[in-house]
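Reading the structure
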Amino acid sequence: MKILSKILLLSVFSMFCFTTIAQTQKQRKEIIDELNTIKPGQGRVMVFEDKAIEEVLGRSMAPARTVYATADGVQFVRMRGFKIQAFSGNNQRTSKNEAYHKQGLINTSFPGQETVVTFDSPFWRLRVGNFKTREDATAMLNEMRRTFPAFGREMYVVIDEVKIPVAQLQE
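Remember, it's a predicted structure, so these values are computed and weren't measured experimentally.

Another point: the pattern of salt bridges. Counted by the stated rule, this structure contains six salt bridges. A salt bridge links Lys 163 to Glu 114, with the shortest nitrogen-to-oxygen separation between them at 2.9 Å. Separated by 49 residues along the polypeptide, Lys 163 in strand 5 (residues 156–165) and Glu 114 in the loop between helix 4 (95–109) and strand 3 (115–120) bring together distant segments of the chain. For Arg 127, the salt bridge goes to Asp 160, with nearest N and O atoms at 2.9 Å.

Set out below in structure tokens:
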């Protein structure tokens, strides 16, 4: 008897699901409207939707990007991307000077790449470039390793906030 009641319950539930799916495809209503619609013989579901959720539905989930401009008028956006970490050190006496020395070498060999020295206690870091994809960053990393074989092993690609020109986003 228990098996028969489970089969009956499962078949009723399946029929309810198939009927609901078929009607949803035909009528193309919003899901909340569909759930709140009274249907004879199918039970009643009431969904109370918060206004904050209602405002989010139907909009792009990508966050709005603020467009910044450099002094020379180039527009860019800040987004998650990739940089090359060319140096990281925590020696209090030498790491700062080493980071700035390597920054000068990289700026001389790769003037088109942005270099940034940061201090996040206790580490001095030198990061290079603004890359939208890991592949772009890896290609530049390989080129930098050929140019600077002495400190090529300590360089690697990291995820960071980058500045991407608006023109590149439209490509």
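We now examine helix 5 (residues 134–147). Compared with the 20 Å implied by 1.5 Å per residue over 14 residues, the 20 Å span of helix 5 between its first and last C-alpha is a close match. Taken residue by residue, helix 5 has Ala 137, Met 140, Leu 141 and Met 144 as its buried positions. Seen from one end, helix 5 has its buried residues packed into an arc of 110 degrees, which puts them on one side. Among the exposed residues of helix 5, those pointing more than 90 degrees away from its buried face are Glu 135 and Arg 146. Buried residues along helix 5 sit in contact with strand 2 (75–89), helix 4, strand 4 (123–131) and strand 5.

Another aspect to go through is the confidence of the model for the protein. Any region with low pLDDT has predicted coordinates that should not be read closely. Residues at a pLDDT of 70 or more form 71% of the protein, whose mean pLDDT is 80. Predicted confidence is poor over residues 24–28, with pLDDT under 50, and the contacts of this stretch with residues over four places away or in other chains come to three contacts.

This brings us to the nonpolar core. Counting residues in hydrophobic clusters, the biggest one holds 20 residues, and the most contacted among them are Ile 84, Ile 106, Met 144 and Met 155. Those elements that place two or more of their residues in this core are strand 2, helix 4, strand 4 and helix 5. With five residues, the next largest nonpolar core counts Val 77, Met 79, Ile 164 and Val 166 among its residues.

Glancing now at the pairing of strand 2. Where a strand is regular, its side chains alternate between the two sheet faces. Among the 15 residues of strand 2, 11 are classified as buried, and the element is accordingly described as predominantly covered. The antiparallel hairpin formed by strand 1 (residues 67–69) and strand 2 contains five residues in its connecting segment, where Gly 73 sits at a positive phi of about 90 degrees. Looking at chain direction, strand 2 and strand 5 are connected through 10 bridges and run antiparallel. Of the residues in strand 5, the one forming a bridge with Gln 85 is Tyr 156. Two elements, strand 2 and strand 4, share six bridges in a ladder whose sense is antiparallel. Its bridge partner lying in strand 4, Phe 82 is registered against Phe 131.

Moving on: the layout of surface pockets. By volume, the largest pocket is sized at about 290 Å³. If you go around the largest pocket, you meet 15 residues; those closest to its centre are Asn 130, Lys 163, Ile 164, Pro 165 and Gln 168. Of all the secondary-structure elements, those providing two or more residues to the lining of the largest pocket are strand 4 and strand 5. For the lining of the largest pocket, the class distribution of residues is five nonpolar, six polar and four charged.

Conventions we followed
Residues numbered from 1 in each chain as written. Predicted model: local features only at pLDDT ≥ 70, side-chain atom pairs only at ≥ 80, totals over all residues. Heavy atoms only, no water. Salt bridge = Lys/Arg side-chain N within 4 Å of Asp/Glu carboxyl O. Helix = DSSP H or I, 4+ residues; strand = E, 2+ residues; numbered from the N terminus. Expected span 1.5 Å × (residues − 1). Buried < 20%, exposed > 50% of the residue type's maximum accessible area, 1.4 Å probe, protein only. Arc of directions from axis to C-beta. Contact = heavy atoms within 4.5 Å. pLDDT = per-residue confidence, 0-100. Core = buried A, V, L, I, M, F, W, Y, C linked by side-chain atoms within 4.5 Å. Pairing = 2+ DSSP bridges. 1 Å grid on protein atoms, 1.4 Å probe; cavity = no way out; pocket = protein on both sides within 12 Å on 5 of 7 lines; lining within 4 Å. Points joined across faces, edges and corners; volume = space filled by probe spheres on them. Nonpolar A, V, L, I, M, F, W, Y, C, P; charged D, E, K, R; others polar.

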